[in-house]
Amino acid sequence: MCSCSAGLLRGGSFAIAGPATGLRHGGGLRRRRLQGSDRTSFAASMSSSVAGGPDQEASRHYIGGFLARRSYEPPAWASQLSPVPSFVYNLGHFPTPIHKWNLPDLPEGTEVWIKRDDLSGMQLSGNKVRKLEFLLADAVAQGADCIVTVGGIQSNHCRATAVAARYLNLDSYLILRTAKRLVDDDPGLTGNLLVERLVGAHVDLISREEYAAIGSVVLADLLKERLVNEGRKPYIIPVGGSNSLGTWGYIEAIREIEQQVQKGQGDVDFDDIVVACGSGGTIAGLSLGSWLSKLKAKVHAFSVCDSPDYFYDYVQGLIDGLQAGLSSRDLVDIRDAKGLGYAMSTTDELKFVKRVAEATGVVLDPVYSGKAVYRMLKDMAENPAAWRGRRVLFVHTGGLLGLYDKVEEVAPLLGNWRRMAVGEAVPRRDGAGKMF
């Protein structure tokens, strides 16, 4: 989820909570929610059969630890940071794989490896789940019964938040920005929206213009106030889950990478870490963790919205919130990769996503990782000496569902189909082909 104000380079219990009371219209927020009594009666019957709530984790049984809450111990090299989270939920499937990525046309002696955070879990896939493990543990500890968060109409963060919240028996309220001409229409079921609405998320639409003029903090506070007045206990998660608490998600990722490198065969130390940047929390955790740990890889971030200066300042606020006493400009190299703008793709960028998929089998999303890899390879071509002989780890932050919002743009680039030619001489017999 991008922070811009306007708008390739752990088994667990099953619980469905009853729906929350609806919000009144007003203040620029347009409610879009699932209708019908079937969902209400089904959810109510299911929730009545589930004993306890999310604070009673210790009394439940888990296989493998998925959805369990556990006490958190930071890496030794991060123990000086403050505050340190007390608890964390096991929401993702970690560690995610690291493998060599045979991208074409690399500078001489340059290797690119890829950290597959797009494989952190289908419904929760991507980088956001790492932040949510800490943020939702805090929400539950504070007695929240619902989550409020903000994002774009195809926000990966909002989809992951809606799913994770439902796992933990919490309702979710999503403020999604969209085009002014669409703000009064049903937002549809494309990509992330389908998953969000299937798990019962409450969607409020806001125009990009209203979002730019009001801001995500005020909008979330407005919705929180309304929910409090209705007797709810909301917990706000900021855009992209990017605050100092969420930053621990990618500090933990650095510990994970360290452990994977240590367990690997051969010398696989990384000189550089490359990642897309949309809200700042991921690069704050990666860069701070890499600096404090023994990894010492240089972190390069390609921003898909706003400006590098904006993100240097925002990341500085996140690391200051952890009392790190470091400068963001010493920790991370941030470069512009937004192209036409956030979530807007050029034909060349989409062709690049297709070429990478065809060549390597790795599918990049068009909003984040696609633009970051596109810009990374462009920089390698223009400045080969700066990358020559270096071992680079690219962190794939997921977002595959975002491709479904680009179907009309991608379709003309795809072929590889035809009607199968079956000659008259091929024997035919009724019932020969069972279609199950």
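Being a predicted model, the structure only gives us computed values, none of them experimental.

Novice: In this structure, what is going on with unusual backbone geometry? I would like to understand it.
Specialist: Leaving glycine out, the prevailing phi sign among residues is negative, and the prevailing peptide bond configuration is trans. Look at the link from S82 to P83: it is a cis peptide, with omega at 0°. Counting through the fold element by element, P83 comes out in the loop between β2 (69–71) and β3 (87–89). For the bond from F94 to P95, the omega torsion is 0°, close enough to zero to count as cis. If you trace the backbone, P95 turns up in the loop between β3 and β4 (98–100). Positive phi outside glycine occurs at D306, with the angle close to 50°.

Novice: What's the story with the pattern of salt bridges in this structure? I'm lost.
Specialist: Note that side chains of opposite charge can pair when their charged atoms are close. If you walk through the whole model with that rule in mind, you get 19 salt bridges. A salt bridge links K115 to E256, with the shortest nitrogen-to-oxygen separation between them at 2.4 Å. Of the two residues, K115 sits in strand β5 (residues 111–116) while E256 sits in helix α7 (residues 244–263), which places them 141 residues apart along the sequence. We note that K115, like E256, is buried. Here K338 ties to D336 by a salt bridge, and the two come within 3.2 Å at their closest N and O atoms. Owing to a relative accessible area of 24%, K338 belongs among the partly exposed residues under this scheme. A cluster of three or more residues bridged by salt bridges with shared partners is formed by K115, D117, R130 and E256.

Novice: I'm lost on helix α2 (residues 128–141) in this one. Help?
Specialist: The end-to-end C-alpha distance of α2, which contains 14 residues, comes to 20 Å, matching closely the 20 Å that a straight helix rising 1.5 Å per residue would cover. Within α2, 12 of the 14 residues are buried, leaving the element largely enclosed by the surrounding structure. When we look at burial in α2, the residues that qualify are K128, V129, R130, K131, L132, E133, F134, L135, L136, A137, A139 and V140.

Novice: So what exactly am I meant to see when it comes to the packing of helix α8 (residues 281–292) against helix α9 (residues 308–320) here?
Specialist: Where α8 contacts α9, the axes come no closer than 9 Å and their chain directions differ by 60°. Put simply, α8 runs oblique to α9. Note on packing geometry: the crossing formed by α8 with α9 is right-handed. Residues G281, I283, A284 and L288 of α8 pack against V315, L318 and I319 of α9. Class assignment for the residues of the contact of α8 with α9 results in 6 nonpolar, 1 polar and no charged.

Novice: Quick question: what am I supposed to make of the side chain of D171 here?
Specialist: Structurally, D171 is set in strand β7 (residues 171–178). Overall, the relative accessible area of 3% leaves D171 in the buried class.

Novice: What's the story with the environment of M344 in this structure? I'm lost.
Specialist: With respect to the secondary-structure elements, M344 resides in the loop between β12 (332–336) and α11 (347–360). Linking M344 and P366, residues 22 residues apart in sequence, is a C-alpha distance of 8.3 Å. Discounting chain neighbours no more than four positions away, the residues touching M344 are K338, E349, K371 and K406.

Cut-offs applied
Residues numbered from 1 in each chain as written. Predicted model: local features only at pLDDT ≥ 70, side-chain atom pairs only at ≥ 80, totals over all residues. Heavy atoms only, no water. Helix = DSSP H or I, 4+ residues; strand = E, 2+ residues; numbered from the N terminus. Salt bridge = Lys/Arg side-chain N within 4 Å of Asp/Glu carboxyl O. Buried < 20%, exposed > 50% of the residue type's maximum accessible area, 1.4 Å probe, protein only. Expected span 1.5 Å × (residues − 1). Axes fitted to C-alpha atoms, helices over the stretch in contact; angles between N-to-C directions. Parallel < 35°, antiparallel > 145°, perpendicular 65-115°, else oblique. Left-handed = near helix turned anticlockwise from the far one by under 90°. Contact = heavy atoms within 4.5 Å. Nonpolar A, V, L, I, M, F, W, Y, C, P; charged D, E, K, R; others polar.

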